[in-house]
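Coordinate analysis (summary)
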Amino acid sequence: MRHITRQESPEVFEKWKNNSNSANWRDFQKTDVYRTVKDCLITQQNSLCGYCEIAVQMDSSHIEHLKDKHNYPDHEFDYDNFIASCQWTDSCGHKKGANYFPGFVSPFDDNCEKRFTYTWKGKIIPVDENDSDAIKTIKILGLNCRRLI
C-alpha cells in the first residue's frame, strides 16, 4: 500500500456540495463533477488503486469511501475520505464494503508503506507479525486474493 498525499478538494466539487444540500451519492455519480473528482483522485494516486496498486483508469475504477457511507454518513461527501479504487470484487473497495474499523491501515497514513511487506511467493504480510490491524486490513481488502498474488 502506497502512501497517498491528499491534495485540496477540487473547487468544482466544493461548489457542487455548497449548491446540493439534498444530494445523494447516486445522483452525484451521474454528474460531470463526479468524473472530475475521480480524475483528480486517479491523478493524485499515479493511476494506481489506492489499496492494491493495480493500474486504474476512469473506466476501471470507482470512488471508494475509506469510512463507508452507511456507518459514517457525515463523510459521504468528504473529499478526504475518497480513494480511487479498482473495480475488482475480490479485493479492495468492493471487497471492503462497510468493514472500516478505527485501526484500519489507510493509504492516507504516513507510515502505511512501512506496515507491509511481500513474501517471495507474492503474498502481502505485515512487517510486524503481531500487527493485528495490518492483518485485519489485508483480510478485509482481500489483498492476498489469487489474482493479486
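These lines cover the structure that appears in this document, whether it is placed above or below. (Residues numbered from 1 in each chain as written. Predicted model: local features only at pLDDT ≥ 70, side-chain atom pairs only at ≥ 80, totals over all residues. Heavy atoms only, no water.)

**Some details on the overall build of the protein**
For the protein, the helix and strand inventory stands at five helices and four strands. Of the regular secondary structure in the protein, the N- to C-terminal order runs α-α-α-β-β-α-β-β-α. Here the C-alpha radius of gyration of the protein, 15 Å, is about what a compact globule of 149 residues would show, namely 15 Å. Expressed along its principal axes, the backbone C-alpha trace of the protein runs to roughly 50 × 30 × 25 Å. (Helix = DSSP H or I, 4+ residues; strand = E, 2+ residues; numbered from the N terminus. Rg over C-alpha atoms; globule rule 2.2 N^0.38 Å.)

**Observations concerning the packing of aromatic side chains**
Evaluation of the coordinates by the stated rule reveals 17 aromatic pairs. Both rings, one in Phe28 and one in Phe77, keep their centres 5.7 Å apart while their planes meet at 85 degrees; by these two values the pair is edge-to-face. Here Phe28 is found in helix α2 (residues 25–29), whereas its partner Phe77 is found in the loop between β1 (61–65) and β2 (82–86), with 49 residues between them in sequence. Phe28 gets classed as buried once you look at its relative accessible area, which sits at 0%. Judged by relative accessible area, Phe77 falls into the buried class, the value being 16%. When the centroid spacing of 5.5 Å and the interplanar angle of 90 degrees are considered together, the rings of Tyr72 and Tyr100 count as edge-to-face. Taken together, the residues Tyr72 in the loop between β1 and β2 and Tyr100 in the loop between α4 (92–96) and β3 (116–118) connect sequence positions 28 residues apart. (Phe/Tyr/Trp six-rings, centres within 6.5 Å; stacked < 30°, edge-to-face > 60°. Buried < 20%, exposed > 50% of the residue type's maximum accessible area, 1.4 Å probe, protein only.)

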